[in-house]
Structures are given as C-alpha cells and as structure tokens.
Amino acid sequence: MSRGSNSNPNYNDLLKKTEHYDKDERYMAISDLCEALKRNAAHANSESNVAAGATSSTTQQIDSQTERRICSAVLSLLDDSSNDVQTVAVKTLGVLLMTVQEEQVNEIADRLCSLVLDPSKSALRDVYAIGLKTLVETVPESMGNVVSHRLIGRLIDGIHTNSNTFPSSSPSSGDDKNSEEIVLACLNVLTDLLTRFGSTSNSIKMQHEPLLNVTLSQLASPRPIVRKRAGSTIGVLATVISDTLLHRLVERVLDQIDQASGLGKSGKKRARNAHKNDGSKTLSSSDLRSADTRSLIRTMCTVSGTVGHRLNQGHIDRIVPIFLRFCDPADADDEDYDSDEPMETDEAGAGMSEEAASALQIELRESCFAGFASFVLRCPALIRPHLDQIVDSALAYMRFDPNYTYDDDDDDDDAAEDEEEEEMEEEEEDEYSTEDDMSDEDDDNNWKVRRSAIRTLTAVVEATKHDPSKLWIDEFSWRRNSEKKTTVAGALVNRFKEREENCRVDIIECFTRLLSYTVSASSAGVLVLASCTSMDDDALASSGAVVVDLRSNVSSAIVKATEKQLSAKKGGERSKSSAIALLSTLCLAPGGIGSSEQITSVFRHVKTILNADDDANTRRHTAVNSKSLKLEALCLVRIMVSCKKHDASDIKNALLPTLLSDICKCVQEDWYKVISEALRVLKEIPDLMLLGSATKAEKDEVATSLYNAIEPRLSEHDLDQEIKECALSASASLLSVLYASLTQDQKDRILALLLERLMNDTTRIAAIKTLSAVGRAAQSSGDLDLSSVMNKALEQLALLLRQQSRGLRQSALECLDIMVLCLPEKNVDMDEGLFDSVLKDLGDIISDTDLHICHLSLSASNSILKARPSTGPLVKSHVLPASLALSKSALLQNPALSSLLNLQEQMIASGAIEFDELHKLLEEQMSGEGSKCSKQVISNLAECIATIAAASPSAKQQSFMKSTISSIKPKGTDVESMQLNLLVSGNFGRKVDVSKMKGIAASMQKVYFQSFDSSNEDVKHAAALAIGRASVGAIDPFLPALLSALEGSSGKRQYLLFSSLREFIHCYRETEGSDLSPSVPMLLPPLEMNCGNVEEGVRAMVAECLGALACLEPKTILPVLQKLATDESEKKVHVRWTVGNAVKFAIGGHISPSELAPFMPTFVELLKEDDLAVKNVAILMVYSAVHHAPQLVVGIMKEQILPQLYELAQLNMERKIDLGPFKHTVDDALPLRKAALSVFSTCLDKCPSSLDIPAFMPVLAKALADVEDVQLQSHQIVLTMCERHPIPLIAAADSFVGPLDKTVHKKKGQKTGTELERVYEWIKSGLRVMLAMAELDGISGARNFMDFVDRIKKSKPHQPFLAQVEDETV
C-alpha cells in the first residue's frame, strides 16, 4: 500500500509486514498502521457529531478480530530490536487506545503491566513502562475506572514484592537491579494514574490506604532514587486522599522525622530535649538512617507544596520545631562547624565519608528551608506564630559560609580600612584574575544552603507584601553571642557582598521585591515613607502610622552595595543587572538615589557599562557586558532623570559632564532597543535643563549635542518603527524646551522633518503628537515661530479629518486645535481659503453619535475663530447649523456641552453673529421639536442662552433679563417655556451679578417664589435650581431671602428650598477663588435643625449640603458632624442617618483625608447602630472611604469595621407579608449584605492588607449560596481573588462546591424571554468562577472541588454554556 494514498488501508498486509525480517519494512509498516489508525479515529469522532446516514463513510471499519491482531502486533513490536520501531510502536499505542474497544484496552493494560513486572524483561522495561504510561495518559475518561481497577492492585503488589529484595547497600547483582527498576516503574505509573484518575476512579479510592502504606515504606529504601520517586508519588497521592488519611500521612512522616537527632550542637540539643519530654515512639523502626530523614523532609515539603492549605495548626506547630533541629540559627555561627557531624554515628551509617556526610547535611538543611518557604506561601495564617523563628533561621543561614570570612563585624566601624582593602583586592584580582579565590571552592556546596535560606526570605517578603513594615522594623540577632541586631532589610543589604553569584542575585532580587512592595504599601496608606530629612517623624509615629525612613541610612547603604556590584571586575552580568533593577526601584522611594555624590557615582558606573565595548582594558578585566545590560543601564538613567525624587540640579550637574556624550553615542548603536531607549533618555533631558536652572551656555551645549544625535535618526527612513517614534518624541522635547538654543536652520530642519513624517502613513500618529507638543510650546512662548510649516501642516491635518479611522481623526483634531492658536496675527503667506475647507469638514463631523469627536470639533472651531476672527462668516455658515442641531440633543453633556458654550460665546464676542439672532435660533430649537422636550434639552438650551447673554453688552443684558422675567408666568400653560426662562435667568445670575441691575434681583426673587406654587412639578424644580444658581452671582440679595423662606417652610416647599440651597453650595464650589466662610454661620442653623427631619427627602438634601460644606470648610463642619453623630435626642436615628450620608458625600466630594481622618473612628461607630437604615448608610460611607481615600479606614479596619462587616454580610432578616391570596417574603437585611460585599470587593482592590482574607472565606462561601444578586457579587469577588489572592481561595475551594453546584444546576422552569436569559447568565457566571479556580496553581489538592469540575465538564447540558464561557476568554 502506498503511504500517500487516501484509499482504505489493507490491515492484513500491514500486519504481515510488521513481522518482516527487515527492520525498515517493519518501521514502514508500523508507521503506516499508525497513520491509518489516526484517520480512523478522526472519522469516528466526526461521525459522532452528525446524524446517522447524513454522510457516507469511505473509511474501512475495524472489526474486533482485526483490533485484537493489531493490538498483538503493536505490543510485539515493543520488543523489536530496532529502537526506531519501538518508538513508533509506543506512538501507535497511544493512537490505538483511542479507537479500540474496552476489551482490547484491558488486554493491553494487563499485558503491559505483566511485562513491566516481569523480572526477565529488564532490557526493555523502560519501553514497557513508557507504553503503560502512554496508556494511562491517553485512555478515554470513560475507561479510567476499569483501567485503574486492572492496574492499581498489581502495581502495589509489584512494589511490595520487589522492595523486600533490596539489600542494605548499593545493588550488586542483576536481581537487585531488576527489583529497583520494577519499583521505579511502578511508582512512575502510579504517579500518572493518581494524577489522572486519583479523584474520580472508585477503584483507586478503595486503594488509598494500601497506596499510602506502600509508598511510605519506600521512604526507608536504601536507594536514593527510590526514596525521591516515592516522595513525588506521595505528593500526588496527598491531593486525592481524605483528610483522615492526610492527617495520618503527616503524622507518620513527622513521627519518623522526630526520631532524628538533628544537625549541629544546638539542633541536637533541641532533639534531645524533645525526646526527653516525649519518650514514646509510634513506630517500630527507630534506627532511621540520615538519608531516610532527608527523604522524609523532602516528602513533607512536597506534601505542603501540594496540599498545604489542608494542613491544620497542629501540624504546623509540630513541623516547625522539628525542622529547626536541622537548621538551628545558633549552628550557623558555630566556630566548630567543621567537626560537626550531620547525624549520630549509628544513624549515619558505618563507612560514610566526611564528604558524603557534609553533602547530606547540606541537603537536609536545603530541604528544611524549602519546606519553610512552602509553608509561608501555602499556609500564611498557620505559619504566622512561627514566622519570627523562621526568619531568624533564614537570616542566620543566609550568611552560612564556614569556608570563607567576610568580616561582617567590621563593616560599620572600619569603613576607611574597607576602602583600602577593596583597592588591594582589586589589585590582587588584576594579578590573579585567572585563579580561584579558594583551592577547594569547586567542592564547597554550602551555597545551596544559603540559596534555600534566601528563597525562604523571598517567600516571607511575598507573604507580607501588603504590609512589609515589620521587615524594616523588627530586629533579629545578627550573630550568636553578639549584641548586634539587624532588620531583615538591613541583613539583605549587608549580604550583597555574597561571593556566590546565584545567591547574590537572589539576595538583590529579594530586596528589590521588598522595596517595591514597600513603595506600593506607602501609596496605599499602609505605611509612611519619610519624604524629607526635615519631616516630623515623631508626629507621624504618635498618630499610629508606621514610618520607614529610607533616607537616613538605608538608601546610602543600598547605593554603596550596588555600586560594588557594578564596579566588581569579576562580577557577573546577572549581578549587575539585578543591581540596576534595584537602583531603578529605589528611584521610586522618597529621596531616590540620594545626594549628588551618590548620583554622580552611579552615573560613572553606568558610563563604564555603556563604554565597555570601547574600552579594551575594561573588556579584559570584566565580564562581557551584553547589549541587554546596556539597555538596562539606559533605563536606569531615564528613570533617574524623569522621576521627581531627586534634586534636578544634582542630576543635571552629574549627567552633563559624565554621561551625556555616551548617551548620544548610544543613539548610533546597532540594536534598535538600545537606540530607542537612548532616544527616550534624550527626550527627558530638555525638561531636566529647565528644572535644573541650567545656564544659557549649558543649554546651548546640550541643545547642540541633542540635535546632532537626534537629527540623523529623524531623517533616516529605513529604520525600526520604535526608533522613528522615539526620535519624533525626542525632537518634540528638544524643540519645545530648548528652541532658544537652536539656530534657525536647526529649527527649520526639525520642522521640515516633522512635516515629512506627518505625510508618511507609518509615522503619522507619532508626528501628530510631536506637532501638538511643539504647538503647545509655541503657544506658551511667542519666540517659537511655526509659520514656515503652518500652511502645509494645516492642510495635512484637514485631509486627515476625512479619514475613517477614529483614532486618526481624534489625533488630528487635537493637533488642529493647538496649531491654529499658533497662527501669527498677520501672515501674508497664510492660505485663508484653507479655513473654508477645514470648517466645512469640522461642521460635518459635529454630531451626537460621537460626543468626544464632537467636543474636539467644536473646540477646534472655537480656536480657529479666536485665532482668525475674520472666519466668523465661515463658522456661522459651516459650523453653526450643526451646533444648533446638537444643542437640542438629549445626549449632549460635558465636555461637548462646554465646548458648545465656548464656541457660542466666542461667536458673540467676535461679532460672528448678533445676540438677538442667535437667541432666536436657540429658542426655535425647542419650539421646532415635534414632541415634548426632555429636561436635559431644556437645561442645555438654557445654558446656551444664558452664556451668550452673559457675553453680550451690558445694555443688552438689562433688556434681555427684563424680557426673560416678564415671560415667566407661574400660572401659565406653556410649561416648557417657563422652565426654559427660569433656568436661563438662574444660569445668567450665576455668571453675572444681577444685584447691579436695577430691580432685576427683586423681580427674580418674586418670580422664583411664586413658581413654587405652580401646579407643575418640573416648574417647581426649575425654580429651585434657578434661585440656587442666581445666589452664586449675588449672595446678598438671594441667600438671606432663601434662608428666611426656609424658617417657616415645611413639606414639599421645604424640600424645594433645600434643593436650592444644595444647588447654591455645589455651584459655589465650582467657582474659582470662591470663599464661602462668611456665609457658613448663616447656613449651619437651618441645616442642623433639619438633620432629624421626618421626611427622608429633606434629610437627604441636608446631608448633601453638609457634605459639600465639609469639603469647603472642614474645620468648621466636621466638629459639628461629630457632635451630631453622638447626639442622644429623640430623633437620633434620623440625625445619625443624615450624618452618615453627609460624610459619604464629603468623601465623594474629595474632602481632604488629613482633615477627616481624626473624625473617622467616631463616624464608623454608626455601624453598631440598631436601625437598619443607619447601618446601611454607615456601610456605604465606609465603601466611599475605601474607594476614594482608603487611608481613612486602613488603620481602623480590623478593630472597628471588619467585625461589623462580617456580621452584616451574613445577617438575614426575612419576614413574610400576607397579601391575601399568597404570601411574599421580604429580606430587610439584603441591602446590608450587598453593601458589605461591595466593601470587601473594593478593599481587595484598594487596600488588601487591611483585610484578614482567610477569615473572609467563610463569609464568601455563604454569600455564594445567597440570593441571585449577592451570588453575582460573590462571583466577581472570586474572579478578582483568582488573580491576586489565589492561596486563600485554594484553601476554601471545597466549601464553594455546594453553592456553585446549585448555581450551575439552576432550573429554568417555565421562564421565557429575558427571565430565561437571566437564568442562563447566572449559570454562566457560576461556570466562569469554576473554570477560573480550576486554573489556579495548586487547586488539584482541593479534591472535592476538582471532582465537581470534572463532573460539570462531562455534563452534556453544560457543554453549550462551557463553550460560550471559553469563547469569551479567547
């Protein structure tokens, strides 16, 4: 048969060829057979998806007899003499298992298992084992239980039978070797079998206990590889066994480890004390070998890594002291370490060499620290009581280097001597650069212990990333019998001198991570970084804030330590890269790198890196500096120059003489990333010159250097896109800031190149942004003349307005708005006809379908009219019709509304149209509507009319207001006209002081108060808004009248008057330079009096007024609110409800957090009120604080807020209402539960360190089973936690199974339409949560959850929903 043929294969011929004497024939036959089986499997899958008979089959079906012959042939080829044939046979076996019947699968499984266990098949056992593993990996899920039943018992027996033949020493005979291979193969297959079917197969579940016993027995094997493989199998087994068996596993392992004597003098002393206190032994074999102990510890680490969340406090409390016997901190400083044996002589075993004992000791300690790291990450809450001990041990062994002396004690006292020693060491390195530091350095593996200790510290940093303050404050002993103390941060910096590069890089990266988390915690308000040397740290500390001062001594130590890495002649590139990353992170902290001397020193080291390729002497002594290192160095320079943490003068004085020329050279490099980064650095330098108060000579020199570096790259065409864009942004910075230091030819050249780039499709967007930056600079200074390119630039921008790309049009409009304002007053070369085309295009795109583009178009039209008043007729012709149509759109709002008002105001001011004409056109927009105008349209038209009236001459204003007021007839029938005129008068009064117009203010007051008696609610509301707005421009005539009217008001009228007062305060806040303090004494009495008003609407208005006033006058209002919050009057419930709302509005109005913070503990007490409405308002207040200013509640969250939130999130107050024919259930606590969950959700985003996340998990599990709205909130919280807090989710995953199972099995009943869609969305939301959690690393240990996932994925009704959810993620 031809292998390229599509015809049906002749299986008989292929099977005959598999027995051919020629190996090539056998190879071709098995290959063809494999391909034929693949086609057959594909056809079978396609047939299952279509109806029977829908397609005609052309593929030959395999009968049962042929299947059996194929199976036999493939199995026989596993014994083939050719390795190539064996390989294809194993591959074919995987395909075969997907097509044959269950009977053949069972036969294959039995046959392969027999071959693996056959002692006489040692030569091909690896092939059989691979085949059996392939079977386990590829067999269909439906056959998993049957295959498991066939294999599990035989594999257990195989391990048990063959492990009994192990001698006490290394294998010396073939039988011993066979036994070892069989045990290893069985363990391998068991691991795969448990991984795939361990939680679903009943056959395996029945064998969990025998499996546990047999694998534990292998931990005592004399063969290291068997012990290691058994530990891996136990790690997988731990994920599927029950909690009872897991507890037994942990206890048995710990019982055996507990019998070990420990390492070092202190460790052995710990063990003796433990054994003295508890002499009982749970196991019969107490004579453990040290190798057994190592395997047991490694196994315990594996278990904690896979199911650490299932361990309990008792397990951790027992594990940590046992592990500390092997890594006691005191033993790290033991001067007699060399004579220390890892175990007692009888345990170590006779004949163990000193080298083997040392290696064993290293492995034991390495395993213990790996376990500590796993516990810290997997069980953060359980390990917390032991964290200090773990950190102390890790700090001690981080410097564990008994074969080398660092002279740690002399670091602080003999700094000058250290410098001399460093110089001598450098000379020695030059002389002996090819020699090792120590003759036996290659044999020194103690660095593995140090590395594992460092990784434990990294885990501690990761676990405390939300609040790392203790790592900067808590002190630990630096050495045994020494009074010197150090913090974790200080110890890490001190160990930058580590001689082993792997460890050194880990230390630097660990500290970099700590520093980064500290800066993030400072931004979140968890701690305070001292911002300057004159800061009053005592005041901050007294207020309860944790203060971390990096500037006093930490920053200098960091810079000094990193400089040593950058200057080390024998230092590796990884160390330098890590040091650069650390310095970049340090730039984000207050004080940055430090003083001018430190900045200069860092720049010198960067210079060395940038010039490494040019300096032959440097190349000879240092490691090869790759291009990536040069790129990182340039990134560091850019961060130092652009961040605001340094003194600009210091950066400038250090950069210009030291590094500027080298950065300019980097622009001529070959690698595009280095060129781009160098251009980004050059982009930041002009601003630095401005901030650093550079002299004219310095500016001229820098401008010349930058121009010479940038211009060649800007003019080249065949360059990477990133280089082109960076060159454009650098030229924009140069031309915008240092234009005075460039010659006219240089400026013209840059502008010409910008214009050229503007005409190029690939660089068009970047060129527009560059031109915008240059235009802004030209606006701020009249010295930058753009007239040489103005015509062509505007022409090109006008063409871009017709493009379909929204982004391109948006950029072009923004640039056009800037460029037209750069036009000189008189320019004879300007093409005035161009404005006709531009304004026509602008008018065409003014529409409410895209309000942002509309806003930009209106703004550009306004700018053209400002720059060229002569274009007034063109604006009136092309833009005004579109703007009038826009003014009656109900969608119109800021910023499009603001741009429309500005344009109309400019048209009146420039004389493009007369006021009366435009006023008439605007009024016609409302009368021209075929149907009733919405409130939004009336409001927008009122804004337009008031704006153009305020821009008209004063004489015109007087007559306009008289006409407007006279047209307001409270008892009239034209309601829309009344609303419009009321709002027009109010908006006009906000812009113009009407008290200066004779009789106008009195007439307005009379009309407003009369309108309160109108029968139309919209008219009343318009009158309330009008009097509030008019009061802003004329406080004296309006505000006293408003407050006087409030005194005797009640009911609806009182509500309207408070609405006026609220509008007055809000509008006054928006007025620049406003000062309301003189009026506050008048405003407070009516507000305080009505805090307890029985009408909720009135109280809401009072709360808004108080909240807005608190933002304006916090020192006056906040004490009043605090007093009201503790009021014990009869109306205290209403008063406290009002206070809670007022504080919420104040926080939303961005009140100063420093002003509000001292009062928050009092306001938070509202959570304890009995009234549900007050509780709800208090929760919303806390939510607002967490969202807008988390620093307000971070300090009081755990003590005052969380206990109440936990209670409220689970509160249930259902009651039944009898409605006659049926009863309705109402849950009064539902709003509280929803609000409480909203607080938790926002805390996870804004201030996660303030939450006790493990304690929140039971609350979340209960919320997942709540009503639909609460469930959907909970689903979103879980999805957020999957990304940021996966470990607590994994620990609680099994408790989520019940609620999620009910959600995804929600019955649709008789629902149709939108109700049915809602049910489907509910189901999909639960599936999203399930799938997101199923992807978490370590979730396999949650046995019940994984069973639930497998069950749902196999469920046919859920397949369409799963497909939809997966499509969403794609």
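This text goes with the structure placed above it.
Residues numbered from 1 in each chain as written. Predicted model: local features only at pLDDT ≥ 70, side-chain atom pairs only at ≥ 80, totals over all residues. Heavy atoms only, no water.

Peer 1: For the pattern of salt bridges, give the residues involved together with the corresponding values.
Peer 2: By the definition in use, this model includes 52 salt bridges. A salt bridge links Arg499 to Asp401, with the nearest nitrogen and oxygen atoms 2.6 Å apart. With Arg499 in the loop between helix H24 (488–494) and helix H25 (501–523) and Asp401 in the loop between helix H20 (387–398) and helix H21 (415–431), this pair connects stretches of sequence that are 98 residues apart. In terms of burial, Arg499 and Asp401 fall into one category: buried. Across the pair Lys465 and Glu462 runs a salt bridge, and its minimum N-O distance is 3.4 Å. Of the residues examined, Glu462 reaches a relative accessible area of 22% and is grouped as partly exposed. Beyond isolated ion pairs, a larger network of salt bridges with shared partners links Asp401, Arg450, Arg495, Glu498 and Arg499. (Salt bridge = Lys/Arg side-chain N within 4 Å of Asp/Glu carboxyl O. Helix = DSSP H or I, 4+ residues; strand = E, 2+ residues; numbered from the N terminus. Buried < 20%, exposed > 50% of the residue type's maximum accessible area, 1.4 Å probe, protein only.)

Peer 1: So what's going on with the pairing of strand E6 (residues 1223–1227)? Residues and values would help.
Peer 2: By the bridge criterion, five bridges tie strand E5 (residues 1214–1218) to E6 in an arrangement that is antiparallel. The residue bridging Asp1218 from the neighbouring strand is Lys1223, located in E6. (Pairing = 2+ DSSP bridges.)

Peer 1: An account of the environment of Gln1276 is requested, with residue identities and associated values reported.
Peer 2: Along the chain, Gln1276 turns up in helix H64 (residues 1268–1284). With relative accessibility at 47%, the residue Gln1276 sits in the partly exposed group. Through-space distance from the C-alpha of Gln1276 to that of Val1329 is 8.1 Å; in sequence the pair is 53 residues apart.

Peer 1: Give a detailed account of the nonpolar core, specifying residues and quantitative values.
Peer 2: Core analysis: the largest hydrophobic core is formed by 443 residues, its most contacted members being Phe323, Phe511, Leu682, Leu1061, Phe1163, Phe1296 and Phe1345. Per-element tally for this core: the top contributor is helix H8 (residues 174–197), with eleven residues. Once residues lying within four places of it in the same chain are set aside, the contact partners of Phe511 are Trp472, Ala489, Leu492, Val493, Phe496, Val554, Ile558 and Leu582. (Core = buried A, V, L, I, M, F, W, Y, C linked by side-chain atoms within 4.5 Å. Contact = heavy atoms within 4.5 Å.)

Peer 1: A description of the packing of helix H18 (residues 354–378) against H20 should follow, citing residues and the corresponding values.
Peer 2: Interaxial distance between H18 and H20 falls to 11 Å at its minimum, and their mutual angle equals 140°. In terms of orientation, H18 lies oblique with respect to H20. Crossing geometry of H18 relative to H20 is assigned as left-handed. Residues Arg365, Phe369, Phe372 and Val376 of H18 form the contact with H20, whose participating residues are Leu387, Ile390, Ser393, Ala394 and Tyr397. Here the residues of the contact of H18 with H20 are counted per class, giving seven nonpolar, one polar and one charged. (Axes fitted to C-alpha atoms, helices over the stretch in contact; angles between N-to-C directions. Parallel < 35°, antiparallel > 145°, perpendicular 65-115°, else oblique. Left-handed = near helix turned anticlockwise from the far one by under 90°. Nonpolar A, V, L, I, M, F, W, Y, C, P; charged D, E, K, R; others polar.)

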